[in-house]
Amino acid sequence: MAGILAWFWNERFWLPHNVTWADLQSTEEAAFPQAEDLYLAFPLAFCIFMIRLLFERFIAKPCALGLKVQANGPQKAQPNAILEKVFTAITKHPDEKRLEGLSKQLDWDVRSIQRWFRQRRNQEKPSTLTKFCESMWRFTFYLYIFTYGVRFLKKTPWLWNTRQCWNGYPYQPLMPDLHYYYIVELSFYWSLMFSQFIDIKRKDFGIMFTHHIVTVTLITFSYVTNLTRVGTLTLCLHDAADVVLEAAKMANYCKCQKLSDLLFLTFAIVFIVSRLGIYPLWILNTTLFELYEALGNFPALWVFNVLLVILQILHCFWSYLIIKAAYKAISKGKAGKWNPLHVAKDDRSDIESSSDEEETVPRSKTPHSTITTNGTGGANGTNGYLTGGTCSEEH
C-alpha cells in the first residue's frame, strides 16, 4: 500500500520542477492546502443534504403553496392488471405490434392504450410542487455561494489580472476565506452527485453526471496542487448562470410567464457570454498559456487543462441546445414559449407529450368515443375509463 501511495503522489507528476510535498507542508507562519482537508467535504455534503431536506420542507414548500404552485402530480392511469404487468415486467414503451395485440386482448382502441401507458409513465414523475422546491433550494444555494464568491474575489488581485494566479506559485498561502469557499463548493457538488440518483430524473442525467464528476475532480485536483486562485475564478463564473436558471424555473412553475421568459432570456445571454466567451478567453487562456509561461511544463498541468477543456465541450453542447431551442421558437412565432435546456415544459424532467407518439400508430377500428366495454369481464378495471369523446391531453 505504501508503494502504491508513493507512486500515486509522485512529486514529478503533481508539482513543478524542484518542488516537493515537504515544501508545501503547513507551518505556523503559513498554511497550504493539504489533501486530508478534503475529507471534511464528505460529512459537510451530508449536512448540506440534510439542510436541503429541511429547507424544502419548512421554507420552500410553504412558499410554493403561498404562490399557488400546483401540488398535485400528473393524472393517474386507470388500474388495469394486464397493462400493469406489461408495464412493469416487459416494457414501458410498447411498440406497434404489442399495442395491436393488447388492443385485441382488451377490446380497447390503440390510442387508449397509448394514453394509458403515457399516464402510467407520467404518474411516476414529480409534481410541480416538488420541482419548485428543488429549484428554490438550488437558487438559494447558488445565490449565496455566488455572492460570497464575488465578495471574496473583488478583494483579490487575480480577479483583475489573471497572471497573479501564478505569482509565487506554488508557495501561495491558503487564506481562510478561500478554504471555506472551496470546501463548501466541493461539498455541494458531492451532495449533488449522491442526491442525483433520488432527485428528479432528467433526460440529460448522463451529461449532468459527467459534469458533476468533472467538477468534483477539478475542485479536488486544483486544491491538492494549490491551483486554487484560478479555481475560485472558475467556480464563481459558473455559479452566475445557475442563479438565473433556477430563478427562471421557479417563475415558470408559478406560471409567471412573462417573468419566466425574461429570466430565460437573461439566462441564455449570461450562459453563452460566460461559458463561450469569458471562460475560454479568461480561464483557459491563463491555464493554457500564462501558466505555462510562468512555470513551464509538468504532467499535472496537462491533466488539469484536459479537464477544463472537457468542461468547455459541455458548455458548447448546452449552448447549442439553448440556441436551437430559441431558433425553433422564434422561427415558429412562439418566442414566448421557448426555454433553454427545455425548461419551459422542463423536458428534462416533466410530463411527456403525446401527439407525436399517438400519430405513429393507427387507431383501432372501434371508434374511441363509443367504447364502453369492460375489457375482460371487468376484472381489469376498464369500465368507464374509455367513455366519452376525445380525451383531453392536458398534463
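Residues numbered from 1 in each chain as written. Predicted model: local features only at pLDDT ≥ 70, side-chain atom pairs only at ≥ 80, totals over all residues. Heavy atoms only, no water.

Asker: Would you take a moment to explain the nonpolar core for this structure?
Answerer: A general feature of soluble globular proteins is that nonpolar side chains tend to end up buried together. Phe132 and Phe188 are the most contacted members of the largest nonpolar core, which totals 86 residues. At the level of elements, helix H3 (41-66), helix H7 (128-153), helix H8 (176-195), helix H9 (205-224), helix H10 (228-253), helix H11 (257-295) and helix H12 (299-331) are the ones that each hand at least two residues to this core. In terms of residue count, H10 provides more of this core than any other element does, 14 residues in total. Not counting the four nearest positions on each side in its chain, Phe132 is found in contact with Ala60, Cys63, Ala64, Leu67, Val69, Met250, Tyr253 and Cys254. Ranked by size, the runner-up nonpolar core spans 13 residues in total, among them Val86, Phe87, Leu99 and Leu102. (Core = buried A, V, L, I, M, F, W, Y, C linked by side-chain atoms within 4.5 Å. Buried < 20%, exposed > 50% of the residue type's maximum accessible area, 1.4 Å probe, protein only. Helix = DSSP H or I, 4+ residues; strand = E, 2+ residues; numbered from the N terminus. Contact = heavy atoms within 4.5 Å.)

Asker: What should I look at first to understand the packing of aromatic side chains in this one?
Answerer: The relation between two aromatic rings is expressed through the spacing of the ring centres and the mutual angle of the planes. A complete count under the given rule lists 26 aromatic pairs for this structure. Judged by centre distance (6.3 Å) and plane angle (40°), the ring pair of Phe87 and Phe117 falls under tilted. Residue Phe87 is located in helix H4 (residues 81-89), and its partner Phe117 is located in helix H6 (residues 110-122); the two are separated by 30 residues in the primary sequence. Taken individually, Phe87 and Phe117 each receive the classification buried, so the pair is uniform in this respect. Both rings, one in Trp116 and one in Phe117, keep their centres 5.3 Å apart while their planes meet at 80°; by these two values the pair is edge-to-face. For Trp116, a relative accessible area of 1% gives the class buried. Looking at Phe117, the relative accessible area reads 1%, which means it is buried. Aromatic ring contacts, followed pair by pair, group Phe8, Trp9, Phe13, Trp14, Trp21, Phe221 and Phe304 into a single cluster. (Phe/Tyr/Trp six-rings, centres within 6.5 Å; stacked < 30°, edge-to-face > 60°.)

Asker: Would you explain the environment of Glu100 in this entry?
Answerer: Mapped onto the secondary structure, Glu100 falls in helix H5 (residues 96-106). On the accessibility criterion, Glu100 (28% relative accessible area) is partly exposed. Distance from Glu100 to Val110, taken between C-alpha atoms, is 6.6 Å for residues 10 residues apart in sequence.

Asker: Would you explain the pattern of salt bridges in this entry?
Answerer: In this structure the tally under the stated criterion is eight salt bridges. Here Arg163 ties to Glu290 by a salt bridge, and the two come within 4.0 Å at their closest N and O atoms. On the criterion of sequence distance, the pair formed by Arg163 in the loop between H7 and H8 and Glu290 in helix H11 is long-range, its members being 127 residues apart. We classify Arg163 as partly exposed; its relative accessible area is 45%. With relative accessibility at 11%, the residue Glu290 sits in the buried group. Residue Lys249 is joined to Glu246 by a salt bridge in which the shortest nitrogen-to-oxygen separation is 3.8 Å. Here Lys249 pairs with Glu246, and both are found in helix H10, just three residues apart, close to one helical turn. By the burial criterion, Lys249 is buried, and Glu246 matches it. (Salt bridge = Lys/Arg side-chain N within 4 Å of Asp/Glu carboxyl O.)

Asker: Sorry, what's going on with the side chain of Asp239 here?
Answerer: By the element assignment, Asp239 lies in helix H10. Ignoring anything within four residues of it in the chain, the contact list for Asp239 reads Tyr142, Ile145, Phe146, Tyr181, Glu185 and Tyr189.

Asker: Would you mind showing me how to read the packing of H9 against H12 here?
Answerer: Each pair of packed helices can be summarised by the angle the axes make with each other and by the distance between the axes. H12 packs onto H9 with a crossing angle of 150° between their chain directions and a minimal axis gap of 10 Å. Classed by the angle they form, the pair H9 and H12 counts as roughly antiparallel. The two elements H9 and H12 cross, and the hand of that crossing is left-handed. Contacts between H9 and H12 involve Ile207, Met208, His211, Val214, Thr215, Thr217, Leu218, Phe221 and Ser222 from the former and Ala300, Val303, Phe304, Leu307, Leu308, Ile310, Leu311, Leu314, Phe317 and Trp318 from the latter. Looking at the contact of H9 with H12 residue by residue, the classes come out as 15 nonpolar, four polar and no charged. (Axes fitted to C-alpha atoms, helices over the stretch in contact; angles between N-to-C directions. Parallel < 35°, antiparallel > 145°, perpendicular 65-115°, else oblique. Left-handed = near helix turned anticlockwise from the far one by under 90°. Nonpolar A, V, L, I, M, F, W, Y, C, P; charged D, E, K, R; others polar.)

Asker: Can you walk me through the confidence of the model for the protein chain in this structure?
Answerer: Segments scoring low in pLDDT should not have their predicted coordinates read at a detailed level. Averaged over every residue, the pLDDT of the protein chain is 83; residues scoring 70 or more account for 83%. Contacts from residues 340-395, a stretch scored under 50 in pLDDT, to residues over four places away or in other chains number 131 contacts. (pLDDT = per-residue confidence, 0-100.)

Asker: Help me understand H9 in this model?
Answerer: Taking 1.5 Å per residue, 20 residues should reach 28 Å; H9 reaches 28 Å between its end C-alpha atoms and fits that length. For H9, the full list of buried residues reads Met208, His211, His212, Val214, Thr215, Val216, Leu218, Ile219, Phe221, Ser222, Tyr223 and Val224. Against helix H2 (11-14), H8, H10 and H12 lie the buried residues of H9. Asn226 sits one or two residues past H9 and shows a positive phi near 60°. (Expected span 1.5 Å × (residues − 1).)

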